[in-house]
Amino acid sequence: PGAGGAEVGRGGSLSRLASPLSPMDLKSIKGALKSAAGKASKAAHEAGISAYASAKGAVTNAASTATGALRCTREYDLDAPVAASGGPGCLFTVVDGTRRGKGGATSKAAAAAAAAAADPTTPNSRVSVWLLDKRALTEDGRHSKEEVEQMLQLIRDDASRMLRLRHPGVLRLEQPLEETRTHIALVTEPVFASAADILAKGANLAGKQRERAKSLEQATGGAAGAASGDSSSGHGPSRGGTGGRLASAKLSQLEVKHGAAALAGALRFIHESAGLVLRGLNPHCVVVTSRGDWKIGVGAFAHARGGADGGNRADFYLGPSGAAHVKHTPVGYGSSDSEAFVTGPLPLVPPAGYVAPELVVGPSGGLNSEPTAAADVFSLGAVVHELAGNPPLLGEACCASSGGSCEVSDGEYRRGLRNARFVGVGASVVSRMCAEDPTRRIGLAEVERDAWFANDVGLAALRELDGFIQKDVLARAAFLQSLQGRWDLFDARVTQYRVLPPLLTELRTPELQPLVLPLILNLAERQTPEDFSEWTLPHLAPLLATATGHTLGTILKSTAAFADRVPAPEVFELYVLPAVLRGVAAPEVLVQEEALRQVTAAAHKVTPETLRCTVVPLLHKTAVDTTAAAVRVNALVALGKIAPCFTVPEFDATLDALHRIAANDRAAATVMCVLGVADAMGKVGGVNLIASRCLPLACPLMLAPGLNRAQIGTVSRVLGGMLRRVEEVRVATAPPAPPPPKPPPASVGIGGGGPGVGTGSGSDPFAASGAATDLLKRGTNNQLIANAGEGSLGMRNVSGTPMRLTPPPGSVPRVSSATEQLTAALSAADDLETLFTDPGYRPTPPGPMFAGMNVHPGVGAGAGRTGRGALDAKEFS
């Protein structure tokens, strides 16, 4: 049976294989085949990707060479203004660039948004493009093709050596040198300026500004140049005011010390690890990057000797004729004047004022001409001496960066050596670095140990910050605590370029956020709006989007500083406003209070539409739903302060919320805040809103049981102000009041008990009441008093003598209507308070009950002004 069962099983499986496949089976097989094909294609692609990239690069370079268009101008969007200059003789024009996306150039709006959200310190997001127009060297005919080719070869060798060196003190090349028929281009990390630009205060960029547009159009092939110029306006923080920034740039002693120490460290690496001697370090090839680092840049390695290939073996020295000799070709010294890159001599040798004497004077001077590391120490000392604010060490004639002569004679150089004066700051260390005898110069390691460097507390702090990331968390926390209150050690440039970057990096460490965030916010108050938006805000953006608790409360305290330093409302709404709103809805009461206090500061920076659609509804919800009195009070205060932006929907929603709050919370603080919001809305909404909505809400607040006397007085003044605003508008638009009715002619004499005057059948026996009204109109102090005798009306004049008025015998009294009596009463000169507190006044009941009333001829005591007969006191009650 077991074998039979096995046979049956085999037969069953064979029958299943022989049967046609179901649609589900076909679908599974197709999916497996498609997956296998995709994996095979991916493997083939990965295997040939390097070959494809190499072939593509070769084709692109060939096309660039044939057409004269630079490949870097298609990969980067170049800004319009010239940022800097540099290289040998400052021949290169430096412009800022932004790497394009994979899809090419984007729209201006998208590019602006991407640049605002991007981190400007991220490598490769921003670059500097160095452009050299080769035709400008030959157009005027002053230089032979051999001289131009020799100059270009120096630049090629320099770029080749730079590309092989990787050190924090050496300018980083992003891609190899690119050359076409008309141009040479280098792409480096972002550069602020060369040392020559800083010394010249940007004046040497004038000629390059004029030539840049034409040169770039030729370099990009016309259409590409136009596209690049158009897109540059929307990419990244433009430096259109580079000349102004350079004119105002001032290097502090601390920055010079830190930069000199960085250059010394880079030279030590070049000497010890690369085996090179530069022989010509000068301000043209010392650059300051956009992050404030001092680095050895383009042109510094053109005359370097040593290394694996031996470097540049040519000697340069001043012969007896005063001409400089390079491979027996007489040339002059380069200049950094505004037109030097077009009409000046080719800088085939470094400026003589920065070259060591043993290299310039040559063997005829009895000195060793073979370069050593001491030659670069001399060059560094001369550069530092000038950047520290002192005059050129060997005089203006020997320093091309100062616009000196194109040729330096042996006598001029020797005169400069004799007259060299080490003055100003750093004179002690510069004198030891620039000794005429190379054996007496100090080494690079001793430079940093000199007292000028070692005794500076600020420099020690900067060195700690340079290696900050390498320390453990506890060491970094201790250093941050010691740094508080020591901001006077750093000037504005050092703070922005050297202090802030490592602190911003530490925002990624949660343990250090409570320590580093207050320091950053304190330093941000010293920044300009442009620097804050470009440097600090991109690093704070992730924290603004995720901070909670104590960290969020710390950020909220600086909302006013954010509002002052973020120039664009849309950027403020993108980064800062969400943090404020998140604080309003936070579960912590202290964070809510701080956020509500900062709503007013944020309201000045956002658009009214954002306030109405986002902020006001959240304030309504917070004020109604909270159980904390302090949160409700702060929410109502915020509503009152932003009331000027309200429209009709906001008025309705706010008044509804105020009614709900007033019905549930009668605490004094809440009552006063509700009254304040109603008053603020009345000032904006006008008298219609005050009379119809605000006063009905505010008047019952006078009866709140928790108010003290001072608060009751405040409520009364606020209500009175509302009523006055309504009165002023209504009085200005209402028609004038009708004239008062004329009193009837007097028919009863007023005298000391004499008979009545004007007796006749038609006389009014109660005209005395009209006389009494006249007395009240004239402001007398007569008062109507009740007479003890029935049928007579007693009056007292000013002297107190009673006057008795009686109708003439036989006369029939006229019945006065209720309307006439009320008109006579209200036409008196009494104000409302006096009228309604008169002892003889009794309010007139409504209705026609006085019509046709029979009046007794004699008016009894206590009748008052209603004209009725005598009544006793019980009827008044």
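Source: prediction; values computed, not measured.

**Section: the overall build of the chain**
Here is step 1: Summing up its helical and strand segments, the chain has 37 helices and 16 strands in all.
Here is step 2: Each of the 877 residues in the chain was classed as buried or not, and the buried ones make up 47%.
Here is step 3: When contacts within the chain are restricted to residue pairs at least 6 apart in sequence, those whose partners lie at least 24 apart make up 69%.
Here is step 4: A total accessible area of about 41700 Å² is found for the chain, and carbon and sulfur atoms account for 58% of it.

**Describing the state of the cysteines**
Here is step 1: Tallied over the entire structure, the rule returns zero disulfides.
Here is step 2: Note on Cys90: no disulfide assigned, nearest cysteine sulfur contributed by Cys285 at a separation of 9.4 Å.

**A few points about the packing of aromatic side chains**
Here is step 1: A complete count under the given rule lists six aromatic pairs for this structure.
Here is step 2: Measuring from centroid to centroid gives 6.1 Å for Phe92 and Trp130, while their planes differ by 70 degrees, and the two rings are edge-to-face. Pair noted here: Phe92 is in strand 3 (residues 92-99) and Trp130 is in strand 4 (residues 126-133), with a separation of 38 residues, a long-range link. For the pair shown, Phe92 and Trp130 are each scored as buried.
Here is step 3: The interplanar angle of 70 degrees and the centroid separation of 6.1 Å between the aromatic rings of Phe646 and Phe651 together place this pair among those described as edge-to-face. The pair formed by Phe646 and Phe651 is uniform in burial state, with each residue classed as buried.
Here is step 4: Looking at Arg493, its charged tip hangs above the ring of Phe192, at a distance of 5.2 Å from the centre.

**Quick look at the pairing of strand 9 (residues 286-289)**
Here is step 1: Going residue by residue along strand 9, you find Val286 and Val288 tucked away on one face and Val287 and Thr289 tucked away on the opposite face as well.
Here is step 2: Pairing of strand 9 with strand 10 (residues 294-296), which is carried by three bridges, proceeds in the antiparallel orientation. Of the residues in strand 10, the one forming a bridge with Val286 is Ile296.
Here is step 3: Joining the antiparallel neighbours strand 9 and strand 10 is a turn of four residues, in which Gly292 adopts a positive phi near 90 degrees.

**Focus on the sheet that holds strand 10**
Here is step 1: Pairing is antiparallel in the open sheet, where three strands are placed in the order 7-9-10. Strand pairing shows two members of the sheet lacking a second neighbour, strand 7 (191-194) and strand 10, which therefore form its edges. Across the sheet, the mean angle from the axis of one strand to that of its neighbour is 35 degrees, orientation sign disregarded.

**Overview of the nonpolar core**
Here is step 1: One finds Ile296, Phe301 and Met722 to be the most contacted residues of the largest nonpolar core, which totals 185 residues.
Here is step 2: Apart from residues no more than four positions distant in its own chain, Met722 is found in contact with Leu675, Ala678, Asp679, Ile690, Cys694, Leu695 and Ala698.
Here is step 3: Counting residues in each nonpolar core, the second largest holds 10 residues, with Leu70, Cys72, Tyr76 and Leu78 among its members.

**Some points on the pattern of salt bridges**
Here is step 1: Here the structure, examined in full by the defined rule, presents 29 salt bridges.
Here is step 2: The residue Arg463 makes a salt bridge to Glu448 at a minimum N-O spacing of 4.0 Å. Note that Arg463 is positioned in helix 18 (residues 457-466) and Glu448 in the loop between helix 16 (444-447) and helix 17 (451-454), a separation of 15 residues in sequence.
Here is step 3: Using a relative accessible area of 23% as the deciding quantity, one classes Glu448 as partly exposed.
Here is step 4: A salt bridge links Arg693 to Asp656; its shortest N-O distance comes to 4.0 Å. Separated by 37 residues along the polypeptide, Arg693 in helix 32 (residues 687-698) and Asp656 in helix 30 (residues 648-664) bring together distant segments of the chain.
Here is step 5: Several salt bridges converge on common partners, so that one network encompasses Lys134, Glu149, Arg156 and Glu179.

**Considerations on the confidence of the model for the chain**
Here is step 1: On average, residues of the chain score 73 in pLDDT, and 64% of them reach the 70 mark or higher.
Here is step 2: For the chain, the element scoring lowest by mean pLDDT is helix 11 (residues 340-343), at 33; strand 10 scores highest, at 94.
Here is step 3: Within the model, pLDDT remains below 50 along residues 828-877, and this stretch shows 53 contacts once partners closer than five positions in the same chain are excluded.

**What to know about the packing of helix 29 (residues 629-641) against helix 31 (residues 668-685)**
Packed helices, taken two at a time, are described by the angle their axes make and the gap between the axes.
Here is step 1: Two elements in contact, helix 29 and helix 31, have axes separated by 9 Å at closest approach and are oriented at 10 degrees. By the criterion of interaxial angle, the relationship of helix 29 to helix 31 is roughly parallel. The way helix 29 lies across helix 31 gives a crossing that is left-handed. Between helix 29, through Arg632, Val633, Leu636, Val637 and Gly640, and helix 31, the contact on the second element is made entirely by Ala669, Thr670, Cys673, Val674, Val677 and Ala680.
Here is step 2: Here the contact of helix 29 with helix 31 is built from residues that sort into eight nonpolar, two polar and one charged.

**Observations concerning helix 28 (residues 608-625)**
Here is step 1: In a regular helix each residue adds 1.5 Å, so 18 residues correspond to 26 Å; helix 28 covers 25 Å between its end C-alpha atoms and thus fits that length.
Here is step 2: The largest bend along helix 28 measures about 35 degrees and falls at Val615, with the proline Pro617 one to four residues further on.
Here is step 3: Those residues of helix 28 that sit buried are Thr610, Leu611, Val615, Val616, Leu618, Leu619, His620, Thr622 and Ala623.
Here is step 4: Next to the buried residues of helix 28 lie helix 25 (569-575), helix 26 (577-584), helix 27 (589-603), helix 29 and helix 30.

**Considering the pairing of strand 4**
Here is step 1: The buried fraction of strand 4 is high, at eight of eight residues.
Here is step 2: Side chains Arg126, Ser128, Trp130 and Leu132 of strand 4 all project onto a buried face; the interleaved residues Val127, Val129, Leu131 and Asp133 project onto the opposite face, where all are buried too.
Here is step 3: Pairing analysis gives six bridges linking strand 3 to strand 4, with the strands arranged antiparallel. Of the residues in strand 4, the one forming a bridge with Val95 is Val129.
Here is step 4: As paired elements, strand 4 and strand 6 (residues 183-188) share six bridges and run antiparallel to each other. What sits directly across from Leu132, in strand 6, is Ile184.

**A few points about the layout of surface pockets**
To locate leftover empty space, one rolls a probe as large as a water molecule over the atoms.
Here is step 1: Put simply, the second largest pocket is a space of about 1100 Å³.
Here is step 2: Pro168, Asp293, Lys295, Asp466 and Arg498 are, among the 40 residues lining the second largest pocket, the residues nearest its centre.
Here is step 3: If you list the elements that add at least two residues to the lining of the second largest pocket, you get helix 10 (253-274), strand 10, helix 18 and helix 20 (492-505).
Here is step 4: When residues of the lining of the second largest pocket are assigned to their parent elements, the largest contribution, five residues, is made by helix 20.
Here is step 5: Its residues assigned to classes, the lining of the second largest pocket comprises 17 nonpolar, 12 polar and 11 charged.

**Considering empty space enclosed by the protein**
Here is step 1: Per the counting criterion, the structure on display carries six cavities of 30 Å³ or more.
Here is step 2: Space inside the second largest cavity adds up to approximately 110 Å³.
Here is step 3: Broken down by class, the residue content of the lining of the second largest cavity amounts to eight nonpolar, six polar and no charged.

**Quick look at the environment of Ala83**
Here is step 1: By the element assignment, Ala83 lies in the loop between strand 1 (76-78) and strand 2 (84-86).
Here is step 2: For Ala83, a relative accessible area of 1% puts it in the buried group.
Here is step 3: Put simply, Ala83 and Ala193 are 110 residues apart on the chain and 7.0 Å apart in space, counted from C-alpha to C-alpha.

**Regarding the side chain of Gln598**
Here is step 1: The topology assignment puts Gln598 in helix 27.
Here is step 2: Every residue in contact with Gln598, bar those within four places of it in the chain, is listed here: Leu556, Lys557, Thr559 and Ala560.

Reading guide: rules and limits
- Residues numbered from 1 in each chain as written.
- Predicted model: local features only at pLDDT ≥ 70, side-chain atom pairs only at ≥ 80, totals over all residues.
- Heavy atoms only, no water.
- Helix = DSSP H or I, 4+ residues; strand = E, 2+ residues; numbered from the N terminus.
- Buried < 20%, exposed > 50% of the residue type's maximum accessible area, 1.4 Å probe, protein only.
- Contact = heavy atoms within 4.5 Å.
- Areas by Shrake-Rupley, 256 points an atom, 1.4 Å probe, with all protein chains shown as cover.
- Disulfide = S-S within 2.5 Å.
- Phe/Tyr/Trp six-rings, centres within 6.5 Å; stacked < 30°, edge-to-face > 60°.
- Lys NZ or Arg CZ within 6 Å of the ring centre and 35° of its normal.
- Pairing = 2+ DSSP bridges.
- Axes fitted to C-alpha atoms, helices over the stretch in contact; angles between N-to-C directions.
- Core = buried A, V, L, I, M, F, W, Y, C linked by side-chain atoms within 4.5 Å.
- Salt bridge = Lys/Arg side-chain N within 4 Å of Asp/Glu carboxyl O.
- pLDDT = per-residue confidence, 0-100.
- Parallel < 35°, antiparallel > 145°, perpendicular 65-115°, else oblique.
- Left-handed = near helix turned anticlockwise from the far one by under 90°.
- Nonpolar A, V, L, I, M, F, W, Y, C, P; charged D, E, K, R; others polar.
- Expected span 1.5 Å × (residues − 1).
- Bend = angle between axes of the 7 residues up to and from the residue.
- 1 Å grid on protein atoms, 1.4 Å probe; cavity = no way out; pocket = protein on both sides within 12 Å on 5 of 7 lines; lining within 4 Å.
- Points joined across faces, edges and corners; volume = space filled by probe spheres on them.

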